[in-house]
Structures are given as structure tokens and as C-alpha cells.
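As a plain string of letters, each chain reads:
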Amino acid sequence: MSETQASTSNSAPDSHCSSCGAPYGEGVSGWPRTCPACHSVAYRNPLPVAIALQPVYDTKGTALVVITRTIAPARGSIALPGGYIDDREDWRQAVVRELKEETGIDAAGREVRLVDAMSAPDGHLLLFGLLPERPAEGLPRSAATDETEGWHLLRRAGELAFPLHTLAVRAFFEGRYI
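Because the structure is a prediction, the values reported are computed rather than measured. (Residues numbered from 1 in each chain as written. Predicted model: local features only at pLDDT ≥ 70, side-chain atom pairs only at ≥ 80, totals over all residues. Heavy atoms only, no water.)

**Structural notes on the pattern of salt bridges**
Evaluation of the coordinates by the stated rule reveals ten salt bridges. A salt bridge links Asp87 to Arg88, with the shortest nitrogen-to-oxygen separation between them at 3.6 Å. Take Asp87 and Arg88: they sit in the same class, and that class is exposed. Across the pair Arg97 and Glu89 runs a salt bridge, and its minimum N-O distance is 2.8 Å. Here Arg97 falls in the buried class, since its relative accessible area comes to 19%. Here the salt bridges share partners, and the residues they tie into one network are Asp86, Glu89, Arg97, Glu98 and Glu101. (Salt bridge = Lys/Arg side-chain N within 4 Å of Asp/Glu carboxyl O. Buried < 20%, exposed > 50% of the residue type's maximum accessible area, 1.4 Å probe, protein only.)

**Digging into the pairing of strand β8 (residues 113-119)**
Looking at chain direction, β8 and strand β9 (residues 124-130) are connected through six bridges and run antiparallel. Residue Ser119 lies in a different strand from β9, and its bridge partner there is Leu125. Turn length for the β8-β9 hairpin, with the two strands adjacent in sequence and antiparallel, is four residues, and the turn residue Gly123 shows positive phi of about 95°. (Pairing = 2+ DSSP bridges. Helix = DSSP H or I, 4+ residues; strand = E, 2+ residues; numbered from the N terminus.)

**Observations regarding the UniProt feature "domain: Nudix hydrolase" (unreviewed entry) in the protein chain**
Under the present numbering, the feature "domain: Nudix hydrolase" (unreviewed entry) in UniProt falls on residues 47-177. This span, residues 47-177, is 18% helix and 37% strand, and a straight line between its end C-alpha atoms measures 24 Å. (UniProt positions renumbered as here; feature names shortened; annotations may be inferred.)

**Here we look at the state of the cysteines**
All told, the structure shown has zero disulfides when counted by the stated rule. Cys38 takes part in no disulfide bond, and the closest cysteine sulfur to it belongs to Cys20, at a distance of 3.8 Å. For Cys38, a relative accessible area of 32% translates into the label partly exposed. (Disulfide = S-S within 2.5 Å.)

**Focus on the packing of aromatic side chains**
Counting across every chain of the model gives one aromatic pair. Ring geometry for Phe172 versus Phe173: centroids 5.1 Å apart, planes at 85°, classification edge-to-face. Assessed through its relative accessible area of 27%, Phe173 is described here as partly exposed. Looking at Arg33, its charged tip hangs above the ring of Tyr24, at a distance of 5.2 Å from the centre. Between Arg33 and the ring centre of Trp31, over which it is positioned, the NZ or CZ distance is 3.8 Å. (Phe/Tyr/Trp six-rings, centres within 6.5 Å; stacked < 30°, edge-to-face > 60°. Lys NZ or Arg CZ within 6 Å of the ring centre and 35° of its normal.)

Okay, structure coming up:
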């Protein structure tokens, strides 16, 4: 490994230009920032997250599909199905992909309706997609996935793993997303 490679591999995150690799230099902080070597402007944008609100109904009434997380952060806590939007992925497709990955439930992207967008203090942008209500009896059995213990039904608003999930669930049960 060359001396340049060694210093680059041990450098602080975001300390070098992503276009040409030149160091930003001491005292450069904040965003956007301009590379002193190639003059490329770099931005720190929010990480978009797609969250599924899948309402279901049965003889007990209307509920939302939620998961129990088996990964950090919030391992062991209840959350709405969701995750990062992949590069060049439509947010609606991300909603249905995350729902499928975390619950086994199939849905169509064309049926997803944006009901809320919230910014988290950590820089994430959460897009909440509402799917059409469907009968609980038509859902696949709950099963563990790579990220969950499986899914279950949430019948009333309560505290979830993430504060913005809690706000969205409260808004749903208060009828603000209809």
C-alpha cells in the first residue's frame, strides 16, 4: 500500500473530494463544500427512507401491519416496514419492496399514495406511503426475515421504535391520512 493510499484509507469521513480524491484541507467544514483541486461542489443530502403504511381489516376492526426489528438500531422494537430507497429507485417501488422484504406481503407500487414526508434530526427524509386497506385473512403468514421477527397487527396508536413512526401511526389512527 502506498503512503497516499494509507493516509486516504485512515482519513475522516467526507474529508476528501468524491470526484477527484483531493483532500478538502484543514478548516473546511459544512455543506456544500467546493474541492480546492477540481472545483467540484459536494452536497450532503438527506438519506431518503420509504415507509409502508399497510392497513388491514378483520372482525376486530382496522389495524396496521408492523414488524419487530432484529437489527440495530432499535433491535427488539416495533416499527413500520421500511428502509432506504435504493439508487434510481422510485419511492413507491421502495415502499412495496420494503414491505415485501420485511413481511412477505405483496403490493403494487401504483397503489401507494404519499400521505406524509417528515425530516428526522439525523438527516433522514421519511416518505410514508399508504397502501389500500385489505383483508387480514389474505395476508401471508408472519415469518422471520433477515431484519425482523415477523409481522403482526397494531390496533391502536402507541410508542414505536422511531419517533416519526409513532407520529405517523398516531396520524393514521386519528384519521388524518384518509
